[in-house]
Amino acid sequence: MVDYHSTGQPHPYGGNGPGPNGDYMAQEDDWDRDLLLDPAWEKQQRKTFTAWCNSHLRKAGTQIENIDEDFRDGLKLMLLLEVISGERLPKPERGKMRVHKINNVNKALDFIASKGVKLVSIGAEEIVDGNAKMTLGMIWTIILRFAIQDISVEETSAKEGLLLWCQRKTAPYKNVNVQNFHISWKDGLAFNALIHRHRPELIEYDKLRKDDPVTNLNNAFEVAEKYLDIPKMLDAEDIVNTARPDEKAIMTYVSSFYHAFSGAQKAETAANRICKVLAVNQENEQLMEDYERLASDLLAWIQRTIPWLETRDPQKTIPAMQQKLEDFREYRRVHKPPKVQEKCQLEINFNTLQTKLRLSGRPAFMPSEGRMVSDIGAGWQRLEQAEKGHEEWLLTELRRLERLDHLAEKFRQKASIHEGWTEGKEVALRDRDSGTASLAQVRALLRKHEAFESDLAAHQDRVEQIAAIAQELNELDYYDSPSVNARCQKICDQWDLLGSLTHSRREALEKMEKQLETIDELHLEYAKRAAPFNNWMESAMEDLQDMFIVHTIEEIQGLITAHEQFKSTLGDADREREAILGIQAEAQRLAELHGLQLPAGNPYTSVTAQVINSKWERVQQLVPKRDQALQEEQNRQNSNEHLRRQFGSQANRVGPWIQTKMEEIGRISIEMNGTLEDQLSHLKEYEQNIVEYKPNLELLEQQHQLVQEALIFDNQHSNYTMEHLRVGWEQLLTTIARTINEVENQILTRDAKGISQEQMQEFRASFNHFDKDHGGALGPEEFKACLISLGYDVENDRQGDAEFQRIMAVVDPNGSGSVTFQAFIDFMSRETTDTDTAEQVINSFRVLAGDKNYITAAELRRELPAAQAEYCIARMAPYAGPDAVPGALDYKSFSTALYGESDL
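Residues numbered from 1 in each chain as written. Predicted model: local features only at pLDDT ≥ 70, side-chain atom pairs only at ≥ 80, totals over all residues. Heavy atoms only, no water.

**Points about the overall build of the chain**
Then comes step 1: Scanning the chain from terminus to terminus reveals 31 helices and eight strands.
Then comes step 2: Here the chain, with 904 residues, has 44% of them falling under the buried criterion.
Then comes step 3: Put simply, 74% of the contacts in the chain that link residues at least 6 apart link residues at least 24 apart.
Then comes step 4: Here the chain has roughly 45,600 Å² of accessible surface; of this, 49% comes from carbon and sulfur atoms. (Helix = DSSP H or I, 4+ residues; strand = E, 2+ residues; numbered from the N terminus. Buried < 20%, exposed > 50% of the residue type's maximum accessible area, 1.4 Å probe, protein only. Contact = heavy atoms within 4.5 Å. Areas by Shrake-Rupley, 256 points an atom, 1.4 Å probe, with all protein chains shown as cover.)

**Examining the packing of helix α12 (residues 318-359) against helix α13 (residues 373-422)**
Then comes step 1: In the contact formed by α12 and α13, the axes pass within 11 Å of each other and the chain directions differ by 165°. As far as their axial angle goes, α13 and α12 are roughly antiparallel. Where α12 crosses over α13, the handedness of that crossing is left-handed.
Then comes step 2: In terms of residue class, the contact of α12 with α13 is made up of 16 nonpolar, two polar and 12 charged. (Axes fitted to C-alpha atoms, helices over the stretch in contact; angles between N-to-C directions. Parallel < 35°, antiparallel > 145°, perpendicular 65-115°, else oblique. Left-handed = near helix turned anticlockwise from the far one by under 90°. Nonpolar A, V, L, I, M, F, W, Y, C, P; charged D, E, K, R; others polar.)

**Concerning empty space enclosed by the protein**
Then comes step 1: In this structure the tally under the stated criterion is three cavities of 30 Å³ or more.
Then comes step 2: Of the pockets and cavities examined, the second largest cavity occupies roughly 40 Å³.
Then comes step 3: Where the lining of the second largest cavity is concerned, the elements lending two or more residues are α12, α13 and α23 (722-753).
Then comes step 4: When residues of the lining of the second largest cavity are assigned to their parent elements, the largest contribution, four residues, is made by α23.
Then comes step 5: When the residues that make up the lining of the second largest cavity are grouped by side-chain class, the tally is one nonpolar, no polar and seven charged. (1 Å grid on protein atoms, 1.4 Å probe; cavity = no way out; pocket = protein on both sides within 12 Å on 5 of 7 lines; lining within 4 Å. Points joined across faces, edges and corners; volume = space filled by probe spheres on them.)

**A word on helix α22 (residues 676-709)**
Then comes step 1: The end-to-end C-alpha distance of α22, which contains 34 residues, comes to 48 Å, matching closely the 50 Å that a straight helix rising 1.5 Å per residue would cover.
Then comes step 2: Along α22, the sharpest change in direction is near 30° and occurs at Tyr693; proline Pro695 comes one to four residues later.
Then comes step 3: Positioned one or two residues after α22, Leu711 has a phi angle of 60°, which is positive. (Expected span 1.5 Å × (residues − 1). Bend = angle between axes of the 7 residues up to and from the residue.)

**Details of the packing of aromatic side chains**
Then comes step 1: Tallying each qualifying case throughout the model produces 27 aromatic pairs.
Then comes step 2: Arranged with centres 5.6 Å apart and planes meeting at 20°, the rings of Phe533 and Trp536 form a pair that is stacked. In this pair, Phe533 and Trp536 both sit in helix α18 (residues 521-544), three residues apart, roughly one turn of the helix.
Then comes step 3: Look at Trp536 and you get partly exposed, because its relative accessible area is 28%.
Then comes step 4: Considering the side-chain rings of Tyr854 and Tyr879, the 5.4 Å spacing of their centres and the 35° angle between planes classify their relative orientation as tilted. With Tyr854 in the loop between α28 (838-848) and α29 (857-863) and Tyr879 in the loop between β7 (877-878) and β8 (889-890), this residue pair connects regions lying 25 residues apart in the sequence.
Then comes step 5: With relative accessibility at 9%, the residue Tyr854 sits in the buried group.
Then comes step 6: For Tyr879, a relative accessible area of 16% gives the class buried.
Then comes step 7: In this structure an aromatic cluster arises from ring pairing among Phe181, Trp185, Phe191, Phe221, Tyr253, Phe257 and Phe261. (Phe/Tyr/Trp six-rings, centres within 6.5 Å; stacked < 30°, edge-to-face > 60°.)

**Notes on the layout of surface pockets**
Then comes step 1: Estimates place the volume of the second largest pocket at around 920 Å³.
Then comes step 2: For the second largest pocket, the lining is made up of 30 residues, of which Arg332, Pro337, Lys694, Leu697 and Trp729 are closest to its centre.
Then comes step 3: Breaking the lining of the second largest pocket down by element, the ones donating at least two residues are α12, α22 and α23.
Then comes step 4: When the residues that make up the lining of the second largest pocket are grouped by side-chain class, the tally is 12 nonpolar, seven polar and 11 charged.

**Considerations on the pattern of salt bridges**
Then comes step 1: Enumeration over the complete set of coordinates arrives at 48 salt bridges.
Then comes step 2: We note a salt bridge from Asp211 to Arg209, for which the minimum N-O separation is 3.1 Å.
Then comes step 3: We classify Asp211 as exposed; its relative accessible area is 59%.
Then comes step 4: By relative accessible area, Arg209 is classed as partly exposed at 48%.
Then comes step 5: As a salt-bridge pair, Glu859 and Lys852 come within 2.8 Å of each other at their nearest N and O atoms.
Then comes step 6: On the accessibility criterion, Glu859 (12% relative accessible area) is buried. (Salt bridge = Lys/Arg side-chain N within 4 Å of Asp/Glu carboxyl O.)

**Regarding helix α19 (residues 553-568)**
Then comes step 1: Taking 1.5 Å per residue, 16 residues should reach 22 Å; α19 reaches 22 Å between its end C-alpha atoms and fits that length.
Then comes step 2: Where α19 is concerned, the buried positions are Ile556, Ile560, His563 and Phe566. One side of α19 holds all its buried residues, which, seen down the axis, span an arc of 115°. Of the exposed residues in α19, those oriented more than 90 degrees away from the buried face are Glu554, Gln565 and Ser568. (Arc of directions from axis to C-beta.)

**Topic: the nonpolar core**
Then comes step 1: In terms of nonpolar packing, the biggest core is built from 75 residues, with Ile142, Trp185 and Phe191 touching the most fellow members.
Then comes step 2: Counting residues per element, this core draws most heavily on helix α6 (residues 132-148), at 11 residues.
Then comes step 3: Judged by nonpolar contacts, the second largest core, of 49 residues, contains Ile665, Tyr686, Ile755 and Phe783. (Core = buried A, V, L, I, M, F, W, Y, C linked by side-chain atoms within 4.5 Å.)

**Focus on the state of the cysteines**
Simply put, disulfide is the name for a covalent bond between the sulfur atoms of two cysteines.
Then comes step 1: Here the structure, examined in full by the defined rule, presents zero disulfides.
Then comes step 2: The structure places no disulfide on Cys488, whose sulfur is separated from the nearest cysteine sulfur, that of Cys492, by 4.1 Å. (Disulfide = S-S within 2.5 Å.)

**Some remarks on the side chain of Arg577**
Then comes step 1: Within the fold, Arg577 resides in helix α20 (residues 570-594).
Then comes step 2: By relative accessible area, Arg577 is classed as buried at 13%.
Then comes step 3: Of the polar contacts made by the side chain of Arg577, one reaches the side chain of Asn613; its length is 2.9 Å.
Then comes step 4: In this structure, Arg577 is in contact with Phe533, Ile612, Asn613 and Trp616, ignoring residues within four places of it in sequence. (Polar contact = N/O pair within 3.5 Å; in protein donor to acceptor, adjacent residues only side chain to side chain.)

Quick look at the structure:
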């Protein structure tokens, strides 16, 4: 017999486990040697170990009475090991001989050794001989291996783990201070605290007294046996009447409490996992509903706005058309900017939702038909095309109305001049004054008629101009075309009548010409020269009063030059006037000289000297007025040129600034300077800088409004138009917001997946290396090369192609033919980290259901918070398996649906 208490020998029970030092737990160095020799410890262990063994043997329908005797043949020992391990041992020998018993015990000891337990000095013969200490040592080794070894709390194990668990659970209770597995349990309060912590309805802890340990211990042992299925392993008197209760007995008893309550801990863990998964799913559903609502509202606004922009309702006047232009400006300034922000926010929300779905292992969100981001983009593009067409139409209409007003005024002016000229002509042509005239008078009438025909021919151009202007007004759809046409028709009819009357009168005068003998050559000369000069003066007056419209300094300068050339001819005209008046004066002098009686006025023309002088004076008056009008127009064109230069200068600053910011934002997203937080901070500084730059664009809008109000339609000082700058500004705002969102999603991915900053930079460096065109996406061949550089076997063979197609289906589910950096990060994070899976959720529900294939509404309401329990009940399908009961719910199909593997 080996003395297990001698110095330098192993522990009395000889068990050396698989721990770092070969022991399942370290023994306290200060144990009192006399206490070890006290037989009281053996009594406590017998009672505790026997109860522990029976708690397992009852599952096989048997039990032991005497721990020394009942294990001697090895049969119940082998049965005990099969029950607690769940494994089958070799078939026992049923013989009654000693060799049969030894062989059975050796099979049990070999099984214990196969579990990593080194048994020192414990042999089959001692067990068969009924050696109490060896038998107790063997049972303690079994308890350590199968009941205590797997206990782990915060990386501690076995004894330390069980002690830490006890301390955690009893910490809130007064008069309880668990420091060991002997005297800390003598007053019974620690046992009661463990029960009350997990099942408070079983213990009235506040009524227990520290000075009544027997009552406390009996209360805990009886409650544990009755409600927790923990057999009574010790008597209260055994613990109270011992100076130091046996540690192994207490540890065995306490481990039974640990295993009884560990199921509740697993249920709590399972419930927490389900709550987490359901919370994520509910949040994602809310984000999906918000996206659908915002997308519907934005598309409805676009569909309402496009018909308004496509409406072409011409107005009759410039003020009415300018009001339409002002309505369009108000739309651009007031109504559209909030929608631009909504569109940008919608895209950000969509990207964030997709990132959250990927991170939680859910399928990608597919919006309702017609509400995809691409649908919104297409609608937005149609809106901007309609905007451009509407603005072009407004400006074209303004030009048309301006042209119409100018032509109408010109028509009225020429018509008035012509009508003034024709006034009385019909009456004069119908006059038969030649019937009683003398020969001289008749010849004078004939010459006068010739002068009239000359005058009539000179007015032919004016009539043709009037008809051409009326035709152009009709072609341009002038609103008052009926009155213009009526007046033009009247002028043409009268002109035809005058031609007919002129022809008839000439025939009458020529018939009488043979009867006429003399004519006043001077009067004729006067008439011939006075008529063209008179026409020249009338044309000059008409030109000096002519309306003009110009759009550039060059055009007004051309008019000023022409006017200066006209003024340079006034000297010759004045000399012609004096010559014509000299002819008239000479005729009068000869008549007086020869005593002739001349008829009143010149018989050949109605253009008298007074008329010539009057019209000449009028020409002299109109010249300075024309000078003033041209100077005022030159000043207006100078002002317009200033507006052009002012707008061009500001546009030439704003345009390059927008382009520069777009390029800088692109570089930030590619160059990977600093951490993602640094990049995000840098981008937000850029965003703030862009917001602060907005007054420059607003100033440009004000300048553009002044340009449009001045009816300036071109600007050679800048290649930038307001439309280009607006689009560039909107693209800049959208780009900075999208880039910030991408970096935020990368941070979200990194934090959710536990990716280090160095990994993220490595991923970005690999992606950028193969992104040759810096477009922010990789083509299939570029992506394959990137994967090969990271060690993936996707070479050009059948197996490699199949693996590559599988990966492409993950990173490019829509088949767009390109892989974004966010999709690349999601893929790499899935390859390197673990996430919740449908199988994990199913296992969690199985724990709550008590290993059943279904779960009931009552079990869900008991284990989960109310809101999430009702969420599950509303969505779980009825369970239809052969073991179904009324109200059974199918948690497996529900779990797979959460991850897109089936439909809810």
